[in-house]
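Now for the letters of each chain:
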Amino acid sequence: MEPADDVAIRVRDLRFRYPGATRDALAGLSLDVCRGEFLGITGPSGAGKSTLCLCLKGLVPAGEFSGSVSVAGQTVAPGSAYVESSALVFQNPETQIIGLTVAEDLAFGPENLRRDPAWIRAAIPVYLDQVRLAGYQDVDTYRLSGGQKQRLAIADALILEPEILILDEPTSELDPIGKDQFFEVLERLRRERSITVIMVEHAAEQLAAMADRVIVMQHGLVVDQGPPDQLYRNPVLFHHPEAERAPQISEVLFELLQAGLLPASQFTAQEEAGIQRLRALLENSVQSVAQRV
Ligand SMILES: Nc1ncnc2c1ncn2[C@@H]1O[C@H](COP(=O)(O)OP(=O)(O)OP(=O)(O)O)[C@@H](O)[C@H]1O
Ligand SMILES: [Mg+2]
């Protein structure tokens, strides 16, 4: 396979400014995402994360745009068609829900893609079940709670069976159980189908557990990126009071690293692996104390 075939998304020097704004929302950003990759995006409010997600779906907002964006081989520019092979779950689910009832809302996307009506009828309960909304087909969408709307928005994306799934803070309205269930659904999807996932998320533990690579955005640019075990060692972006949140286990291991009590090779952002390394460290020190007594 040609290396170019492995690239699902290619962004080069992307600049975007909203009308009347005094600074760029995206300030010359470049990014490649491989097919099948799980890319996490984090960064402070206003960094341009949602604007980037809109561009990746081909929904370039009105404003000044320059640079190049290619998604699944399709070129994105202002006024271009939206990208059919990607699905976007918006940060605010209200923006996305258009159907009067849950079933109508779910059917809307696949109907637009001219999927077989019988397939759509059969798929609706399957995808509702995946987001814990089984039996909600006939419920009016305006009656749903914030969390239920968010889960419906996720089902709206999943039912399109996209090649590329873009999730903009998909769990911001969900309770802790809802969050866990959503991440389980996502893990399962990734195991069953090799979809490319781009997820804007502040839940550092989940990003560390699921993402192949995490990028940090600030002021419309990528300021650092890497596999979670490498990225969460960055002392400028993490591990101080004004910093982005890092996984809790990485905070503890980072302190030990700074104190010279942990070899650099033992640092991790993964909860399970980190706990095991902490345990090994404690066992070793208990043993060496015991030997000295
Ligand atoms: N429709 C709009 N019109 C004008 N300016 C906008 C609009 N949407 C976003 N902006 C501005 O563009 C910049 C990037 O916003 P964006 O929503 O992409 O950031 P974000 O990283 O998603 O932030 P958050 O974490 O709060 O969701 C911000 O300065 C924001 O105020
Ligand atoms: Mg946003």
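Quick look at the structure, then. None of these values were measured; they are calculated from a predicted model. (Residues numbered from 1 in each chain as written. Chains lettered and ligands numbered in written order. Predicted model: local features only at pLDDT ≥ 70, side-chain atom pairs only at ≥ 80, totals over all residues. Heavy atoms only, no water.)

**Re the nonpolar core**
Grouped together as the largest cluster of nonpolar side chains are 47 residues, with contacts concentrated most on Met199 and Tyr232. Sort the elements by how many residues they give to this core and helix α4 (residues 146-158) lands first, with six residues. Counting only domains with at least three residues in this core, you end up with domain 1 (1-85 + 164-179 + 193-233) and domain 2 (88-161). By size, the runner-up hydrophobic cluster in this structure holds 31 residues, among which are Ala8, Leu26, Phe65 and Ile198. (Core = buried A, V, L, I, M, F, W, Y, C linked by side-chain atoms within 4.5 Å. Buried < 20%, exposed > 50% of the residue type's maximum accessible area, 1.4 Å probe, protein only. Helix = DSSP H or I, 4+ residues; strand = E, 2+ residues; numbered from the N terminus. Domains from an automatic or database assignment.)

**A closer look at the pairing of strand β1 (residues 7-17)**
Here seven bridges tie β1 to strand β2 (residues 26-34), and the two strands are oriented antiparallel to one another. Each bridged residue has a counterpart across the sheet, and for phenylalanine 16 the counterpart in β2 is leucine 26. Bridge count between β1 and strand β4 (residues 64-71): seven bridges; the pairing is antiparallel. Considered in β4, the bridge of phenylalanine 16 is made with phenylalanine 65. (Pairing = 2+ DSSP bridges.)

**Re the state of the cysteines**
Applying the stated criterion across every chain yields a total of zero disulfides. No disulfide involves cysteine 34; its nearest neighbouring cysteine sulfur is the one of cysteine 53, lying 18 Å away. Under the relative-accessibility criterion, cysteine 34 is labelled partly exposed at 37%. In this structure cysteine 55 is a free cysteine whose sulfur lies 9.3 Å from that of cysteine 53, the closest cysteine sulfur available. (Disulfide = S-S within 2.5 Å.)

**So, the coordination of the magnesium ion (ligand 2)**
Distances from the magnesium ion (ligand 2) to its protein donors, Ser50 (OG) and Gln91 (OE1), fall at 2.0 to 2.2 Å. Taken together, the residues span a long stretch of sequence, with serine 50 in helix α1 (residues 49-56) and glutamine 91 in the loop between β6 (86-89) and α2 (102-112) at a distance of 41 residues. Given the relative accessible area of 24%, serine 50 is considered partly exposed. We classify glutamine 91 as partly exposed; its relative accessible area is 33%. (Donors = N, O, S within 2.8 Å, 3.2 Å for Na, K, Ca; no water.)

Shape descriptors only; they carry no functional weight alone.
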